[in-house]
Amino acid sequence: MNTRKMAAPLGAGAAAAGALVAWSAYAARKAEALAPADGQFIELAGAQLHYVDLGPRDAPVLVMVHGLMGQLRNFSHSLAERLTADYRVILVDRPGWGHSAVRGARPGITEQAAITAALIEALGLGRPLVVGHSLGGAVALALGLDRPELVRGLALIAPLSQPVNRAPKPFLGLLVPAPLRFAAAWLLAVPAGAVSRAATARAVFAPDPVPDDFATRGGGALALRPKSYMAGSFEILNVRGEMRKLRERYSEMRVPVAILFGREDRVLDPQLNGEQTAGEIPGATLTRVEGGHMLPVTHPDVTATWLRELMR
């Protein structure tokens, strides 16, 4: 009898877990239908990357790398179209994000930089300006340090460039120990994310408004998937140690570095990740503008003008 009494709640728990997994899988499919793949795929060591190739093939090149919980549509929403008349613009989903896939072990910042370098070589892009937003700025910094011969310069938009003691508030839900990450991603992350999605978006964009079409045109819907949660949890738990190692090498940087920060950024501290970093990298410049963290989406004209000045 005791066995039967125990079996009933265990069976109910298993049924509930199965329902949550099924719902998370459905939500992921729906998100991918709202923001489908836009471009091409390329197989590289460690990843299958999804990328979009825009603009004249014989023009100077910009390679754009998105941030945490992001996707290449963060750039195509408003920014890329302001550049493609004069530049070839490559937008890429980082390994494990958007429609890109990881092959083997999940890559950290340095490994992602190596995969980005392989993309630049495979596409024959010469020496592009590498544009990194938020955590994508950390990937760009690693690329500039490790493969300077491939890079014309680094344009860092609201970059993560320093070790941060505490995760930004909108991303605290990603702080799950590695052994629990898979279960959290499939059982909890998607339902909880659906409830908090609007508030999280407002916190990331603040004080700027969230565009009504960000979920689709900006790729925001793709953050609400188990795949994205697992990638985000891995990155946010490993990034502090990786940033400490990168920061120790800033004096070695031999490519031009320019930083753009919104004065009202509420995700990353402009003084720490902007002013301090500009002082540690030889010749680096810092430009501050009005706005929050999502400058490529909310202030595309200002961002495009800044990039054009760098390219000139």
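Scroll up a little and you will see the structure.
Residues numbered from 1 in each chain as written. Predicted model: local features only at pLDDT ≥ 70, side-chain atom pairs only at ≥ 80, totals over all residues. Heavy atoms only, no water.

K.L.:
Teacher, can you tell me more about the overall build of the protein chain here?
P.N.:
A tally of regular secondary structure across the protein chain gives nine helices and nine strands. Against the globule reference of 20 Å for 312 residues, the protein chain gives a C-alpha radius of gyration of 20 Å, in line with a compact fold. When the backbone C-alpha atoms are referred to their principal axes, the protein chain occupies close to 80 × 40 × 40 Å. For the protein chain, with 312 residues in total, the buried portion stands at 52%. (Helix = DSSP H or I, 4+ residues; strand = E, 2+ residues; numbered from the N terminus. Rg over C-alpha atoms; globule rule 2.2 N^0.38 Å. Buried < 20%, exposed > 50% of the residue type's maximum accessible area, 1.4 Å probe, protein only.)

K.L.:
Could you clarify how one ought to interpret the packing of helix H4 (residues 135-146) against helix H6 (residues 226-247) in this entry?
P.N.:
Two numbers describe how H4 lies on H6: the axes approach to 11 Å, and their chain directions differ by 35°. Every pair of crossing elements has a handedness; the one defined by H4 and H6 is left-handed. Contacts from Leu 135, Ala 138, Ala 142 and Leu 145 of H4 reach H6 at Glu 235, Val 239, Met 243 and Leu 246. Grouping the amino acids of the contact of H4 with H6 by side-chain chemistry returns seven nonpolar, no polar and one charged. (Axes fitted to C-alpha atoms, helices over the stretch in contact; angles between N-to-C directions. Left-handed = near helix turned anticlockwise from the far one by under 90°. Contact = heavy atoms within 4.5 Å. Nonpolar A, V, L, I, M, F, W, Y, C, P; charged D, E, K, R; others polar.)

K.L.:
So what exactly am I meant to see when it comes to the pairing of strand S7 (residues 153-157) here?
P.N.:
On any regular strand, side chains alternate: one points to one face of the sheet, the next to the other face. A large share of S7 lies buried, amounting to five of its five residues. In this sheet, S7 lies alongside strand S6 (residues 129-133) in parallel orientation, the contact comprising five bridges. When the bridges of S7 are listed, Val 130 appears paired with Leu 154. In this region the chain leaves S6, passes through H4 and returns to the parallel neighbour S7; the handedness of that crossover is right-handed. Relative to strand S8 (residues 257-262), S7 runs parallel, the two sharing four bridges. Bridging across to S8, Leu 156 finds its partner in Ile 259. (Pairing = 2+ DSSP bridges. Right-handed = clockwise from strand over helix to strand, strands pointing away.)

K.L.:
What is the right way to look at helix H3 (residues 109-122) in this model?
P.N.:
Owing to its 3.6 residues per turn, the α-helix aligns residues three or four sequence positions apart on the same side. In this model H3 runs 20 Å from its N-terminal to its C-terminal C-alpha over 14 residues, within 8% of the 20 Å that 1.5 Å per residue would give. Buried within H3 we find Ile 109, Gln 112, Ala 113, Ile 115, Thr 116, Ala 117, Leu 119 and Ile 120. Following H3 by one or two positions, Gly 124 adopts a phi angle in the positive range, close to 60°. (Expected span 1.5 Å × (residues − 1).)

K.L.:
What should I look at first to understand the pairing of S6 in this one?
P.N.:
Within S6, five of the five residues are buried, leaving the element largely enclosed by the surrounding structure. Along S6, one buried face is formed by Leu 129, Val 131 and His 133 and the opposite face, lined by Val 130 and Gly 132, is buried too. Pairing of strand S3 (residues 61-65) with S6 involves four bridges; the strand directions are parallel. Counted as the bridge partner of Leu 62 is Leu 129 from S6.

K.L.:
It is not clear to me how the side chain of Thr 277 should be interpreted in this structure. Could you clarify?
P.N.:
Relative to the assigned elements, Thr 277 resides in helix H7 (residues 270-280). There is a polar contact of 2.9 Å between the side chain of Thr 277 and the side chain of Gln 162. (Polar contact = N/O pair within 3.5 Å; in protein donor to acceptor, adjacent residues only side chain to side chain.)

K.L.:
Is there a simple way to think about the pattern of salt bridges in this case?
P.N.:
Between side chains of opposite charge, a pair can form when the charged atoms approach closely. One pass over the structure, following the stated rule, counts 18 salt bridges. Notably, a salt bridge pairs Asp 38 with Arg 73, separated by 2.7 Å at the nearest N-O pair. One end of the pair, Asp 38, is in the loop between helix H1 (2-34) and strand S1 (40-44); the other, Arg 73, is in helix H2 (residues 73-76), and 35 residues separate them in sequence. One connected set of salt bridges, linked through shared partners, spans Glu 81, Arg 82, Asp 213, Arg 217 and Asp 301. (Salt bridge = Lys/Arg side-chain N within 4 Å of Asp/Glu carboxyl O.)

K.L.:
Which parts of the structure should I look at to understand helix H5 (residues 178-205)?
P.N.:
A rise of 1.5 Å per residue sets the reference length of H5, with its 28 residues, at 40 Å; its end C-alpha atoms lie only 28 Å apart and thus fall more than 12% short of the reference. Those residues of H5 lying buried are Arg 181, Ala 184, Ala 185, Ala 189, Val 190, Gly 193, Val 204 and Phe 205.

K.L.:
What exactly am I supposed to notice about the environment of Leu 143 here?
P.N.:
Along the chain, the position of Leu 143 falls in helix H4. According to the relative accessible area criterion, Leu 143 is buried, its value standing at 1%. Through-space distance from the C-alpha of Leu 143 to that of Ala 37 is 25 Å; in sequence the pair is 106 residues apart.

K.L.:
Help me out: how do you make sense of the packing of H5 against H6 in this one?
P.N.:
Any two packed helices are characterised by how steeply their axes cross, that is the angle between the axes, and by the distance between the axes. It is at 9 Å that the axes of H5 and H6 come closest, and there the two elements cross at 125°. On the basis of their axis angle, the class for H5 and H6 is oblique. In the packing of H5 onto H6, the handedness of the crossing is right-handed. Only Pro 226, Tyr 229, Met 230, Ser 233, Phe 234 and Leu 237 of H6 make contact with H5, whose side of the interface consists of Arg 181, Phe 182, Ala 184, Ala 185, Trp 186, Ala 189 and Val 190. (Parallel < 35°, antiparallel > 145°, perpendicular 65-115°, else oblique.)

K.L.:
Sorry if this is basic, but what is going on with the environment of Leu 44 here?
P.N.:
Residue position: Leu 44 is located in strand S1. By relative accessible area, Leu 44 is classed as buried at 13%. As for Leu 44 and Met 230, which are separated by 186 residues in sequence, their C-alpha atoms are 21 Å apart. The contact partners of Leu 44, leaving out residues within four places of it in the chain, are Leu 49, Ile 115, Ala 118, Leu 119 and Ala 122.

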